[in-house]
Amino acid sequence: MEIRIAKLQDLDQICEFYQQVCLDQKSDEYSPDWHWGIYPSKEGLKQQIKNAIVIIATDNDKVISVGVLTKGEDPNYQHLNWNHDNVTVLHLFAVAKSSRGQGIAEKMLVAFDDYAKTDGYKSIHLDVMKGNVPAEKLYRKHGYRFVEEATIHYEDDGDTQAMMYEKEM
């Protein structure tokens, strides 16, 4: 397995990955409830590759995990009680259903930390849809602290209850 920053030539594989993640949600008890074409979308991912840090894990040249670190606070998060101002936000983190249970999520979280530290960020912020217990357990195990429950407006789902987490670097 290789973990690295995505390039524009990875875009088609990343899109295929997220399309499959969105399809797999139908049979997944815990899912982020993403809607391919809205969030995420090919154009949005292309912009993220150009303007953010898109980190991918590949196995035999197949994308098996992706996450996006954006610069600065998410506008939807600004009303919350965070500890730090110099932040990056983790978005769209997923591991392929067929690759779960192999420690990939933990390795990706370490990679997110490493890239955030290298770029000088003081913390990583993220949200988890309320009820996604496995994701919350993963983040807490990796050192994220629960900040608060909040209503967040998502492009594809509207106003949704989310659990907000922060990891200090």
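Our structure is the block above this text.
Not measured: the values here are computed from a predicted model.

Colleague: Even after reading the chapter, I still don't get the overall build of the protein chain, so can you show me in this structure?
Modeller: Tallying secondary structure elements over the protein chain gives 4 helices and 7 strands in all. Ordered by position in the sequence, the α and β elements of the protein chain form the string β-α-α-β-β-β-α-β-α-β-β. The C-alpha atoms of the protein chain give 15 Å as radius of gyration, which agrees with the globular expectation for 169 residues (15 Å, within 12%). C-alpha atoms of the protein chain, sized along the principal axes, occupy 40 × 35 × 30 Å. Counting all 169 residues of the protein chain, 50% fall into the buried class. Within the protein chain, contacts between residues at least 6 apart in sequence are counted, and of these 65% link residues at least 24 apart. The centroid of the 19 positive side-chain charges in the protein chain is displaced by 5 Å from the centroid of its 28 negative side-chain charges.

Colleague: How should the sheet that holds strand β5 (residues 123-129) be read in this particular structure?
Modeller: Paired through their backbone hydrogen bonds, the strands of a sheet run either parallel or antiparallel. With respect to topology, 7 strands assemble into an open sheet ordered β1-β2-β3-β4-β5-β7-β6, the strand pairing being mixed. Among the strands making up the open sheet, the edge pair consists of β1 (2-5) and β6 (145-154). Within the sheet, the average angular offset between the axes of one strand and its neighbour, ignoring direction, is 30 degrees. The pairing of β5 with strand β7 (residues 158-168) spans 7 bridges and is antiparallel. Each residue of the ladder has a partner; that of S123, found in β7, is E168. Across the face of the sheet, helix α1 (residues 11-24) comes into contact with β2 (53-59), β3 (62-71) and β4 (87-95) while running at roughly 95 degrees to β3.

Colleague: Is there a simple way to explain the packing of helix α3 (residues 104-118) against helix α4 (residues 133-141) in this structure?
Modeller: Relative placement of two packed helices is described by the angle separating their axes and the distance separating the axes. Contact pair α3 / α4: the axes reach a minimum separation of 11 Å and the direction vectors enclose 50 degrees. With respect to their mutual orientation, α3 and α4 come out oblique. In the packing of α3 onto α4, the handedness of the crossing is right-handed. Of α4, the residues touching α3 (which contributes A105, E106 and L109) are L138, Y139 and K141. Partitioning the contact of α3 with α4 into residue classes produces 4 nonpolar, no polar and 2 charged.

Colleague: Sorry, what's going on with the environment of S98 here?
Modeller: Examined against the element boundaries, S98 turns out to sit in the loop between β4 and α3. Note: C-alpha distance between S98 and D24 (74 residues apart in sequence) is 9.8 Å.

Conventions and cut-offs
- Residues numbered from 1 in each chain as written.
- Predicted model: local features only at pLDDT ≥ 70, side-chain atom pairs only at ≥ 80, totals over all residues.
- Heavy atoms only, no water.
- Helix = DSSP H or I, 4+ residues; strand = E, 2+ residues; numbered from the N terminus.
- Rg over C-alpha atoms; globule rule 2.2 N^0.38 Å.
- Buried < 20%, exposed > 50% of the residue type's maximum accessible area, 1.4 Å probe, protein only.
- Contact = heavy atoms within 4.5 Å.
- Lys, Arg positive; Asp, Glu negative; His and termini not counted.
- Charge placed at Lys NZ, Arg CZ, Asp CG, Glu CD.
- Pairing = 2+ DSSP bridges.
- Axes fitted to C-alpha atoms, helices over the stretch in contact; angles between N-to-C directions.
- Parallel < 35°, antiparallel > 145°, perpendicular 65-115°, else oblique.
- Left-handed = near helix turned anticlockwise from the far one by under 90°.
- Nonpolar A, V, L, I, M, F, W, Y, C, P; charged D, E, K, R; others polar.

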